[in-house]
Amino acid sequence: MKNQSPKKRLLLFIFNLALSIVIFVVTYFIDPLKYAENSSLAAIPAFLLSVIVLIIGQAINTYSEVEKVAENSDLICETVKNYLHVTKMGTPKHAWEYIINRLPIIEYVQNTSFNLKDENFRSDERLYTSEIYKQSYDVIAKYINQGLVWKDVGDSFAINRFRSLNNLVDVKSKGHYEYRLIAHSEPQIGFIILTYKDGTIEVLFNWDFRDIPQDPIVLLSRDVEIINLFAAQYNGLWKISVMDYDNVATKSTS
């Protein structure tokens, strides 16, 4: 809804002014207080009534404008909500804590873990060797054993983390946790897709520790198009990834 234009406001003011003049003239000639013998006194109530009508008219217009501004404000908020597809979550450590705290209401997790050689030390220092991350293994395994489905796909730098989690999962729940590996020479964007028990889906991305002076800011989105984009990427990565055959062979011969 648009606000009144200056031209329209001017026309409304002229209308209110004309109405007050008409009220003045009509009241003056009707002379409700019977001041016929003194015409100057008869003009007083007519003038006061016309002023009151003018003030009321302007007050109504002002209130209408305020209401329209409020409606426009609500409309802007809704528009922003509808088109604000991405939310800043903070550092990877903060975003990981966000995920772990929501595990009780999450049904399915599709996680990626990619690092380049030059990034590996920094990502370990800033996230993977932190107490929050190391303590999360037990929490994730607990919910996997209770039915949470979690899939990991990553590179050689992620093998030990995947194996550590896999070793904590009960034998009867092994089907709820799967991880695969992919060899890559080109940078891969890191992301994680969360599917909640109520059907809500969201993706957290931009975990990558690149050549920047500070931690990356993880972004979250529930936009369908963005989620579909990452879901397609995950399916592609999963198809070209392979199982950790070395770990399987070690277990079968032990």
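All figures in this text were calculated on a predicted structure; none of them were measured in a lab.

Would you explain the overall build of the protein chain in this entry?
Check the secondary structure of the protein chain and you find 8 helices and 7 strands. Looking at the 254 residues of the protein chain, the share that counts as buried comes to 37%. Long-range pairs, those at least 24 residues apart, make up 72% of the contacts in the protein chain with a sequence separation of at least 6. Here the protein chain displays about 15,500 Å² of accessible surface, and carbon together with sulfur accounts for 61% of that area.

Whenever I open this one, the packing of helix 3 (residues 92-101) against helix 5 (residues 131-145) confuses me. Can you help?
When two helices pack together, their arrangement is given by the angle between their axes and by how far apart the axes lie. The contact between helix 3 and helix 5 brings their axes to 11 Å, and the two run at 20°. Between helix 3 and helix 5, the crossing angle belongs to the class labelled roughly parallel. Classified by chirality, the crossing of helix 5 by helix 3 is left-handed. Between helix 3 and helix 5, the residues in contact are Lys93, Trp96, Glu97 and Ile100 and Ile132, Tyr133, Ser136, Val139 and Ile140, respectively. Class assignment for the residues of the contact of helix 3 with helix 5 results in 6 nonpolar, 1 polar and 2 charged.

I'm lost on a nonpolar patch on the surface in this one. Help?
Residues Ile52, Ile56 and Ile60 make up a contiguous nonpolar surface patch of about 290 Å² in total accessible area. Take isoleucine 52: it is sitting in helix 2 (residues 39-83). Classification of isoleucine 52 by relative accessible area gives partly exposed; the value is 45%.

Looking at this structure, how should I read empty space enclosed by the protein?
Unfilled space is identified by rolling a water-sized probe across the atoms. Evaluated as defined, the whole model comprises 2 cavities of 30 Å³ or more. Space inside the largest cavity adds up to approximately 160 Å³. The wall of the largest cavity is formed by 14 residues, among which Thr112, Ser113, Leu127, Tyr128 and Trp207 lie closest to the centre. Every element with two or more residues in the lining of the largest cavity is listed here: strand 2 (106-113) and helix 4 (117-128). Sort the elements by how many residues they give to the lining of the largest cavity and strand 2 lands first, with 3 residues. Residue classes in the lining of the largest cavity are distributed as 8 nonpolar, 5 polar and 1 charged. In this model, the second largest cavity occupies a volume close to 70 Å³. The wall of the second largest cavity is formed by Trp96, Asn111, Tyr133, Ser136, Tyr137, Ile140, Trp150, Asp152, Arg161, Phe162 and Leu165.

Sorry if this is basic, but what is going on with the environment of aspartate 138 here?
Assignment of secondary structure puts aspartate 138 in helix 5. Considered as a pair, aspartate 138 and serine 164 are 26 residues apart in the sequence and their alpha carbons are 9.7 Å apart.

Scoring rules and cut-offs
Residues numbered from 1 in each chain as written. Predicted model: local features only at pLDDT ≥ 70, side-chain atom pairs only at ≥ 80, totals over all residues. Heavy atoms only, no water. Helix = DSSP H or I, 4+ residues; strand = E, 2+ residues; numbered from the N terminus. Buried < 20%, exposed > 50% of the residue type's maximum accessible area, 1.4 Å probe, protein only. Contact = heavy atoms within 4.5 Å. Areas by Shrake-Rupley, 256 points an atom, 1.4 Å probe, with all protein chains shown as cover. Axes fitted to C-alpha atoms, helices over the stretch in contact; angles between N-to-C directions. Parallel < 35°, antiparallel > 145°, perpendicular 65-115°, else oblique. Left-handed = near helix turned anticlockwise from the far one by under 90°. Nonpolar A, V, L, I, M, F, W, Y, C, P; charged D, E, K, R; others polar. Patch = residues over 30% accessible without salt bridge, like charges linked within 9 Å, V, L, I, M, F, W, Y side chains within 5 Å. Salt bridge = Lys/Arg side-chain N within 4 Å of Asp/Glu carboxyl O. 1 Å grid on protein atoms, 1.4 Å probe; cavity = no way out; pocket = protein on both sides within 12 Å on 5 of 7 lines; lining within 4 Å. Points joined across faces, edges and corners; volume = space filled by probe spheres on them.

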